[in-house]
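# An overview of the molecular structure
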Amino acid sequence: MDKFTKITGVAAPMPLVNIDTDMIIPKQFLKTIKRSGLGKNLFDEMRFTQDGQEIPEFVLNQPAYRNAEIIVAGDNFGCGSSREHAPWALLDFGIRCVISTSFADIFYNNCFKNGILPIVMPPEVVEVLMEDSRKGANARITVDLENQTVTTSDGQSFPFEVDSFRKHCLLNGLDDIGLTLEKAASIDGFEKTAATLRPWV
Amino acid sequence: MTAPRTLYDKIWDDHVAHQAEDGTCLLYIDRHLVHEVTSPQAFEGLRMTGRTVRAPEKTIAVPDHNVPTTAGRDVHIDNEESRIQVDALDKNARDFKINYYPVSDIRQGIVHIVGPEQGWTLPGMTVVCGDSHTATHGAFGALAHGIGTSEVEHVLATQTLIQKKSKNMKVEITGSLRPGVTAKDITLSVIGAIGTAGGTGYVIEYCGQAIRELSMEGRMTVCNMAIEGGARAGLIAPDETTFAYVMGRPHAPKAAQWEAALAYWKTLYTDEGAHFDKVITLKGEDIAPVVTWGTSPEDVLPITGTVPAATDFTGGKVEAAQRSLDYMGLTPGQKLTDIKIDTVFIGSCTNGRIEDLRAAAAILKGKKVAPGMRAMVVPGSGLVRAQAEEEGLAQIFIDAGFEWRLAGCSMCLAMNPDQLSPGERCAATSNRNFEGRQGRGGRTHLLSPAMAAAAAVTGHLTDVREMMAETV
Ligand code: SF4
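Residues numbered from 1 in each chain as written. Chains lettered and ligands numbered in written order. Predicted model: local features only at pLDDT ≥ 70, side-chain atom pairs only at ≥ 80, totals over all residues. Heavy atoms only, no water.

If you look chain B up in an unreviewed UniProt entry, it shows as 3-isopropylmalate dehydratase large subunit from Cereibacter changlensis JA139. Within the UniProt record for chain B, the comment given under Catalytic activity (unreviewed entry) is "(2R,3S)-3-isopropylmalate = (2S)-2-isopropylmalate". For the record of chain B, the UniProt heading Subunit (unreviewed entry) holds the text "Heterodimer of LeuC and LeuD." (UniProt positions renumbered as here; feature names shortened; annotations may be inferred.)

By the naming in an unreviewed UniProt entry, chain A is 3-isopropylmalate dehydratase small subunit, taken from Cereibacter changlensis JA139. UniProt's Pathway (unreviewed entry) comment on chain A is quoted here verbatim: "Amino-acid biosynthesis; L-leucine biosynthesis; L-leucine from 3-methyl-2-oxobutanoate: step 2/4." What UniProt records for chain A under Subunit (unreviewed entry) is the sentence "Heterodimer of LeuC and LeuD."

Listed below in structure tokens is the structure:
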């Protein structure tokens, strides 16, 4: 997994609430057995017409936002299915950070496993960041995970919360499975006890 | 004396294999269900790192999401990408020696229907699957939730998940349901009341008389959609109804083990005085048959209602509601019962069980679908299908003009050939009405199986209670 320490980049405003995983990556693109290559179909049905033409109004099709690395979104981003194809598609497109007032639980988890930082901010801060992101390509937002701050293009800085374990993994690009396997003795012990307490499992 | 605990607290406590200082836990997983769409990358990850499946006997695989539901699929699947995914699952199941139900097996079906049916899902367990509707298994008093593919790989390799505990939320449905009102109406009404983010950060326990009065099928319908309310999981405390359902299933405990299990299961309830961080109460008598009008499962209204205007909402929901109305092609003020339907889909892990088919068939008996209606029943598993045939339900559907399909997810997410075309409008017993969910440009109204059957007959959204009055 790629490390995430600090990025300064263009933020795309997506004020719509309840942006769901079917919007992020429609199911016809889930028929892959690979993790890569999904960026071209990110937001497919919002981004392209049925015959594959770009829809110019869609934010990521606008010249200013084609290289966005951050999305500032309406409430409850990522609701819907468990598909990890959603963060894979975001990452493949180049998005490293999503900021919203709230995220759906599974999507939120999936982001951390893929080097994407989801940030929950109060509505009034999301409002400020949304306004800033509307200024286009010259208004770059800085996300600093180490110091847990988001800074607008004009220097206003806002703190954010992040779970310490997840922060540690993201800063160092650590693989969860490797970390868990170090605790194999605890798992073995648990299995032994459970086998006597609940042998039918 | 220990402090009073909720059902969730108890199951959680019994599965913590390791706890770090910051509260991050390794939660032990008793059952891991696997399907073809969210697992290939996880198995690939194992192979690349030389890791193996830690507990293949606790891992169960079944293809369901993109399998065709027409005859011949066990011999050949036309769509190449689907075939590659199904073949990959086949290979992974055999290479890693996990329990497997291929399409040629009568026990194949939607993973959340197969698990309970085969007795893999038992009270007090932790159950995960790379699918958000894993919450279904909570109906047994199991802690069950969906995970992403990286977590699928994590569970395969370690039989644990890295988790922090969620908060407790109680949803109580008091009193009894009125005639014509079903588990689907309960679960949709709850989402309508709390919103799609209302349960975010919580595990919901459903309780109250109306929940107790539900069959296991109904309870699964309720828990299934906990995720649409944003919750990590939904739970219902096990009781005699649960034990009766579980008893005798192929993988349920037997003899002395059954007695031991039963004694443990009977401790699985929320203690008097246990703390809930949020409580919601609905009156069972107040719940009406409902439908969704928009493109979010929270867009729920009683069938007697009218289409809202975007200006009826506030904040970010105004734009979302307008977008929904445009997408759905609806006019504010229009009566819901005036909305014409051209497709009816009965199936999915929400409503693809035998009781659902019985409810729909009861409405359809001796009737025909409206002219031009495309109507389809996709049983949740091969066994549900066989039982429906035995009970004569299949014939009722066929006589009414429904297609009688093989088991799978089908038009719930339209990854297989069963899809809506742009502008087509479907009454669906599934769980998501998102834009494009059932096919690009397709329009979905979520409702109960009985309501779906009623719409199939009349050709428009219909209050099933009127049709019930007719048949009496
Ligand atoms: S029936 Fe629908 S919701 Fe259920 S597992 Fe299949 S695709 Fe998911």
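Helix and strand content of chain A: 8 helices and 7 strands. Out of the 201 residues belonging to chain A, those deemed buried represent 60%. If you take every contact in chain A between residues at least 6 apart in sequence, the share linking residues at least 24 apart comes to 65%. Surface exposure of chain A reaches about 7900 Å², of which carbon and sulfur atoms provide 52%. Taking the average place of the 20 positive charges on the side chains of chain A and the average place of its 27 negative ones, the gap between the two points comes to 5 Å. (Helix = DSSP H or I, 4+ residues; strand = E, 2+ residues; numbered from the N terminus. Buried < 20%, exposed > 50% of the residue type's maximum accessible area, 1.4 Å probe, protein only. Contact = heavy atoms within 4.5 Å. Areas by Shrake-Rupley, 256 points an atom, 1.4 Å probe, with all protein chains shown as cover. Lys, Arg positive; Asp, Glu negative; His and termini not counted. Charge placed at Lys NZ, Arg CZ, Asp CG, Glu CD.)

Turning our attention to empty space enclosed by the protein. Residues and elements named next belong to chain B. For the structure on display, the rule yields 4 cavities of 30 Å³ or more. One number sums up the size of the largest cavity: a volume of about 200 Å³. If you trace the largest cavity, you find 22 residues lining it, with His-65, Asp-131, His-133, Leu-413 and Arg-437 closest to the centre. Residues of the lining of the largest cavity, tallied by class, amount to 8 nonpolar, 10 polar and 4 charged. Of the residues that make up the lining of the largest cavity, three or more belong to each of domain 1 (7-278) and domain 2 (292-469). (1 Å grid on protein atoms, 1.4 Å probe; cavity = no way out; pocket = protein on both sides within 12 Å on 5 of 7 lines; lining within 4 Å. Points joined across faces, edges and corners; volume = space filled by probe spheres on them. Nonpolar A, V, L, I, M, F, W, Y, C, P; charged D, E, K, R; others polar. Domains from an automatic or database assignment.)

So, on to the domain arrangement of chain B. Residue and element names in this part refer to chain B. Taken as a whole, chain B is organised into domain 1 (7-278) and domain 2 (292-469). Taking the mean C-alpha position of each, domain 1 and domain 2 sit 24 Å from one another. Facing the 43 residues of domain 1 at the interface are 43 residues of domain 2. For the pair domain 1 and domain 2, the two sides together bury roughly 3300 Å², of which 62% comes from carbon and sulfur. (Buried area = accessible area lost by both parts, 1.4 Å probe.)

For the rest of this paragraph, the subject is the UniProt feature "domain: Aconitase A/isopropylmalate dehydratase small subunit swivel" (unreviewed entry) in chain A. As annotated in UniProt, the feature "domain: Aconitase A/isopropylmalate dehydratase small subunit swivel" (unreviewed entry) corresponds to residues 1-123 of chain A in the numbering used here. Strand forms 17% of residues 1-123 of chain A and helix 21%; the C-alpha atoms that close the span are 30 Å apart.

On to the interface of chain B and chain A, then. At the junction of the two partners, chain B supplies 74 residues and chain A supplies 55 residues. Looking at the side of chain B facing chain A, the largest losses of area belong to Gln-41, Arg-54 and Arg-440 of chain B, adding up to 13% of the total buried there. At the junction of chain B and chain A, the tally comes to 10 salt bridges. Residues Lys-34 of chain A and Glu-44 of chain B are paired through a salt bridge, measuring 3.7 Å at the closest nitrogen-oxygen approach. Those elements that provide at least two residues to the side of chain B that touches chain A are strand S1 (16-19), strand S2 (25-28), helix H2 (40-49), helix H3 (80-95), helix H5 (149-158), strand S8 (160-163), helix H10 (255-265) and helix H11 (317-328) of chain B. (Salt bridge = Lys/Arg side-chain N within 4 Å of Asp/Glu carboxyl O.)

This next bit is on the site of the ligand. Residues and elements named next belong to chain B. Surrounding the ligand, one finds His-65, Ile-110, His-112, Asp-131, His-133, Ser-348, Cys-349, Cys-409, Cys-412, Leu-413, Asn-431 and Arg-437. Spatially, the ligand is embedded in the largest cavity. Residues that form the shell around the ligand fall into these classes: 5 nonpolar, 5 polar and 2 charged. The residues that make up the shell around the ligand include at least three from each of domain 1 (7-278) and domain 2 (292-469). (Near = heavy atom within 4 Å. Sits in = over half its atoms within 2 Å of the grid points.)

Further remarks concern the nonpolar core. Residues Phe-43, Leu-90 and Val-143 of chain A together with Phe-397 and Phe-402 of chain B are the most contacted members of the largest nonpolar core, which totals 115 residues. Among the elements that make up this core, the one with the highest residue count is helix H16 (residues 449-458) of chain B (8 residues). Summarising the domain contributions, this core has at least three residues from each of domain 1 (7-278) and domain 2 (292-469) of chain B. Core analysis: the second largest hydrophobic core is formed by 62 residues, Met-125, Ala-144, Ile-280 and Leu-282 of chain B among them. (Core = buried A, V, L, I, M, F, W, Y, C linked by side-chain atoms within 4.5 Å.)

Below, the discussion takes up helix H8 (residues 184-197) of chain A. Helix length check: H8 of chain A, at 14 residues, gives a terminal C-alpha distance of 20 Å against a target of 20 Å (1.5 Å per residue), a fit within 8%. Of the positions making up H8 of chain A, those classed as buried are Ile-187, Phe-190 and Ala-194 of chain A. Across the axial projection of H8 of chain A, the buried residues extend over an arc of 60°, all falling on one side. Structural note: H8 of chain A exposes Ala-185, Lys-192 and Thr-196 of chain A on the side pointing more than 90 degrees away from its buried face. Where H8 of chain A is buried, its residues touch helix H7 (176-181) of chain A together with S1, S2, H5 and S8 of chain B. (Expected span 1.5 Å × (residues − 1). Arc of directions from axis to C-beta.)

Residues and elements named next belong to chain B. Pairing is parallel across the open sheet formed by 5 strands, whose spatial order is S17-S16-S15-S18-S19. Strands with a single pairing partner mark the edges of an open sheet, and in this sheet they are strand S17 (403-404) and strand S19 (443-446). Relative to strand S16 (residues 374-378), strand S15 (residues 343-347) runs parallel, the two sharing 5 bridges. By the bridge assignment, Gly-347 is partnered in S16 with Val-378. (Pairing = 2+ DSSP bridges.)

To continue, consider the packing of aromatic side chains. Residue and element names in this part refer to chain A. Within this structure, the stated rule accounts for 17 aromatic pairs over all chains. For the pair Phe-77 and Phe-107, a centre-to-centre distance of 5.4 Å together with 70° between the ring planes defines the contact as edge-to-face. You can see Phe-77 sitting in the loop between strand S2 (70-73) and helix H3 (85-93) and its partner Phe-107 sitting in helix H4 (residues 105-112), a full 30 residues away along the chain. Residue Phe-77 is classed as buried on the basis of its relative accessible area, which comes to 0%. Judged by its relative accessible area of 2%, Phe-107 falls in the buried class. Through pairs of rings, three or more aromatic residues link up here, namely Phe-77, Phe-103, Phe-107, Tyr-108 and Phe-112. (Phe/Tyr/Trp six-rings, centres within 6.5 Å; stacked < 30°, edge-to-face > 60°.)

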